[in-house]
Amino acid sequence: MPLKTLFLNPPSFENYDGGASSRWPATREIESYWYPVWLAYPAGMLEGSRMLDAPPHHVSAEETIKIGKDYDFLVLFTSTPGFQGDIGLAAAMKVANPKLRIAFVGPHVTTLPERSLQEGEAIDFIVRREFDYAAVEFANGKPLSEILGISYRGPNGEIIHNADRPAVEDLDALPDVVDVYQRDLDPRRYNVPFLLYPYVALYTTRGCPAQCTFCLWPQTLSGHPWRKRSSDRVAAEMAKAKQYWPWVKEFFFDDDTFNIQKARTIELCSKLKPLNITWSCTSRVTTDYETLKAMREAGCRLLIVGYESGDPQILKNIKKGATVERARQFTKDCKKLGLLVHGDFILGLPGETKESIRRTIDFAKDIDVETIQVSLAHAYPGTELYDYAKSNGFLKLEGAQMVDEMGHQVAMIEYPGISRDYILEMVHRFYDEYYFRPKAIFRIVKKAAFDSTERKRLYKEAKSFLKLRAARNRTVKEARRQPEPGLLEVRSGETKGELVSIAPAGKPGAAQKEAAETVNA
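In this report, the structure presented in the accompanying data block is examined. Just so we're clear, the structure is a prediction, and the values are computed from it rather than from any experiment.

Looking only at helices and strands, the protein has 20 helices and 17 strands in total. The burial tally for the protein puts 61% of its 521 residues in the buried class. The contacts of the protein with a sequence gap of at least 6 include a subset with a gap of at least 24, amounting to 73%. Entry remark: accessible area of the protein is about 19900 Å², with carbon and sulfur atoms responsible for 53%.

Bringing the sheet that holds strand S13 (residues 250-253) into the picture now. Pairing in this open sheet of 6 strands is parallel, and the strands run S10-S13-S14-S15-S16-S17 from one edge to the other. Both edges of this open sheet fall to strand S10 (199-202) and strand S17 (371-376), since each of them pairs with a single strand only. Within the sheet, the average angular offset between the axes of one strand and its neighbour, ignoring direction, is 20°. Where helix H10 (residues 231-244) meets the sheet, it contacts S10 and S13, and its direction lies at approximately 150° from that of S13. Most of the contacts of helix H12 (residues 289-297) go to strand S15 (residues 300-308), to which it runs at about 140°, and overall it touches strand S14 (279-283) and S15.

As a further point, take the nonpolar core. Of all hydrophobic cores here, the largest spans 128 residues; its most connected members are Tyr181, Trp279, Leu303 and Tyr307. Among residues more than four places away in sequence, those in contact with Leu303 are Cys281, Ser283, Leu292, Met295, Phe330, Cys334, Leu339, Leu340, Val341 and His342. Judged by nonpolar contacts, the second largest core, of 25 residues, contains Leu6, Leu74, Leu100 and Ile102.

With that settled, consider the pairing of S15. Burial analysis of S15 places 9 of its 9 residues in the buried class, which makes it a mostly covered element. One ladder, built from 5 bridges, connects S14 with S15; its direction is parallel. Residue Thr282 lies in a different strand from S15, and its bridge partner there is Ile304. Note that the unit made of S14, H12 and S15 has a crossover that is right-handed.

This part takes up the pairing of S10. The alternating pattern of S10 places Tyr199 and Ala201 on one face and Val200 and Leu202 on the opposite face, and all of these are buried. Bridge analysis of S10 against S13 gives 4 bridges, and the strand direction is parallel. Across the sheet, Leu202 pairs through a bridge with Phe253, a residue of S13.

Now for the packing of aromatic side chains. Evaluated as defined, the whole model comprises 27 aromatic pairs. Where Tyr35 meets Tyr181, the ring centres are 4.9 Å apart and the plane angle is 35°; that geometry is what we call tilted. Separated by 146 residues along the polypeptide, Tyr35 in the loop between strand S3 (26-27) and helix H1 (37-43) and Tyr181 in helix H8 (residues 177-184) bring together distant segments of the chain. Taken individually, Tyr35 and Tyr181 each receive the classification buried, so the pair is uniform in this respect. With a centroid separation of 5.4 Å and 65° between ring planes, the pair formed by Tyr244 and Trp245 is classed as edge-to-face. Judged by its relative accessible area of 5%, Trp245 falls in the buried class. Ring-pair connections join several aromatic residues into one group, and the members of that group are Trp34, Tyr35, Tyr181, Tyr190, Phe194, Tyr199 and Phe252. Directly above the aromatic system of Tyr41 lies the positively charged group of Arg206, at a separation of 4.8 Å from the ring centroid. A cation over a ring is seen here: Lys354 above Tyr422, with NZ or CZ 4.8 Å from the ring centre.

What follows deals with the pattern of salt bridges. Oppositely charged side chains can form a pair if their charged atoms are brought close together. The full count for this structure, using the stated rule, is 33 salt bridges. A salt bridge links Asp164 to Arg128; the nearest nitrogen and oxygen atoms lie 2.9 Å apart. With Asp164 in the loop between strand S9 (159-161) and H8 and Arg128 in the loop between strand S7 (125-127) and helix H7 (132-139), this pair connects stretches of sequence that are 36 residues apart. A relative accessible area of 61% places Asp164 in the exposed class. Put simply, Asp232 and Lys271 hold a salt bridge, and the shortest N to O gap is 2.8 Å. Highlighted residues: Asp232 in helix H10 and Lys271 in helix H11 (residues 262-272), separated in sequence by 39 residues. Three or more residues joined by partner-sharing salt bridges are found here, namely Asp176, Asp179, Arg229, Arg233, Glu237 and Lys240.

Spatial ordering of the open sheet is given by S4-S1-S5-S6-S7-S8-S9, a layout of 7 strands whose pairing is mixed. In the strand order of this sheet, the two ends are held by strand S4 (50-53) and S9, each with one partner. The mean inter-strand angle of the sheet, taken between neighbouring strand axes irrespective of direction, is 20°. Contacts between helix H4 (residues 83-96) and the sheet are confined to strand S1 (5-9), strand S5 (73-77) and strand S6 (101-105), with S6 contributing the most and set at about 165° to the helix.

So, how was this worked out
- Residues numbered from 1 in each chain as written.
- Predicted model: local features only at pLDDT ≥ 70, side-chain atom pairs only at ≥ 80, totals over all residues.
- Heavy atoms only, no water.
- Helix = DSSP H or I, 4+ residues; strand = E, 2+ residues; numbered from the N terminus.
- Buried < 20%, exposed > 50% of the residue type's maximum accessible area, 1.4 Å probe, protein only.
- Contact = heavy atoms within 4.5 Å.
- Areas by Shrake-Rupley, 256 points an atom, 1.4 Å probe, with all protein chains shown as cover.
- Pairing = 2+ DSSP bridges.
- Axes fitted to C-alpha atoms, helices over the stretch in contact; angles between N-to-C directions.
- Core = buried A, V, L, I, M, F, W, Y, C linked by side-chain atoms within 4.5 Å.
- Right-handed = clockwise from strand over helix to strand, strands pointing away.
- Phe/Tyr/Trp six-rings, centres within 6.5 Å; stacked < 30°, edge-to-face > 60°.
- Lys NZ or Arg CZ within 6 Å of the ring centre and 35° of its normal.
- Salt bridge = Lys/Arg side-chain N within 4 Å of Asp/Glu carboxyl O.

Taken by themselves, the reported measurements are silent on function.
In structure tokens form, the structure reads like this:
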């Protein structure tokens with residue numbers, strides 16, 4: 001029998017979506033969570049395991065420590081903002097259960113393995129990049145010295161880095177994550193504002209060949225090589241998911257880029273169409289009309305699209321691999337087919353000016369997609385953007401400083417000639433100019449009028465938005481009077497999220513305090 005293993009997305013700040021599928025960990029002002037897809041794969045390979053997604057299920061640090069007493073092995077998915085709290089929780093779990101072996105996984109420890117082991121004494125080893133098979137091998141008794149892709153302490157305290165593990169090529173050999181969801185999760189706990197509620201998310205591919213300098217996952221965890229599950233396996237898993245949860249409104253393919261390959265996308269759509277399901281996915285603006293048409297006919301409802309900027313030079317600076325003109329045509333194609341678009345934009349990328357920000361706002365209003373996310377550029381360790389900002393002296397905050405006392409991310413980067421408080425003010429203005437237009441208001445009212453579930457959700461989200469809007473106004477004014485780095489709090493510049501929020505920086509979250517108090521006790 002393998003070690004009894006707990007796969008954990010740990011409790012942290014309130015409403016914190018910190019890992020295992022959240023491409024940019026942060027507290028969500030509108031409570032929303034992404035599924036812990038990465039943890040589900042190895043959890044499905046080990047008999048007697050459990051996957052605990054603590055934040056959406058509101059499992060406290062105290063409860064997590066108690067649960068950990070019944071296990072031999074813990075695999076914890078950590079994040080850069082949440083790392084300090086996570087090592088405190090791990091220490092408390094080891095005090096409560098001294099026999100517990102602990103592995104940390106995720107982008108943060110992948111990028112900083114040696115430092116992570118030095119800072120986290122309770123960590124027995126970390127797994128770099130994909131961790132599916134390394135975790136399973138350890139649980140099945142394989143010695144640390146023989147497991148590829150891990151870092152650990154040697155007999156004299158020295159840190160040993162085993163050779164890298166090749167990327168997983170045969171994705172069909174991995175288990176279906178929906179089996180683990182059905183066993184361990186409640187889909188009603190998961191909400192994302194632009195997806196239908198309730199929804200279920202999973203992957204059909206891994207990796208992304210695009211070279212966007214800010215994007216965390218391809219540069220740290222999933223890698224650039226693009227690998228795919230067979231269309232038959234995906235369709236079979238979707239049929240199973242439909243049986244498990246006939247009441248789920250939408251399925252979301254949370255791939256780095258779902259439709260990067262035309263032939264595969266069209267083939268998969270031919271297998272999904274007979275299932276008669278509603279689904280959404282990620283997309284690049286380079287996707288052509290024929291592919292979009294096949295997707296729409298197979299039940300696709302909405303695309304999450306990273307436009308990032310309306311300025312051609314900034315798109316070149318971040319190696320986006322797309323043009324403003326192509327983005328316009330893509331959006332026209334989506335509208336013609338009846339596909340909705342959630343557009344992602346980032347302010348504060350390398351080369352940003354007041355003029356480029358204005359071009360981006362005007363571009364967004366011109367293409368007029370269903371919903372938008374506006375983020376301030378955020379640099380995670382392991383990304384090209386981080387290296388650029390660090391080497392040029394633009395990086396002002398790191399590590400635990402990336403979040404405030406509630407887990408909201410704070411502004412990290414400042415360039416000469418354009419201040420952080422100005423960019424923050426423009427994030428605020430971007431939202432105002434976009435959503436307080438007759439077109440946008442009409443869309444929201446129309447949605448609320450014909451769907452009672454959406455009406456309740458939109459009412460709750462509108463209250464949160466207006467509250468945050470007022471907070472942003474106050475903070476921008478305060479920053480102009482007395483600018484302090486800790487006051488400029490924003491969302492990350494990755495490809496998912498909701499609104500921008502403002503709060504002072506610097507104190508640990510409630511769950512982190514709880515874990516620390518448990519250790520001290």
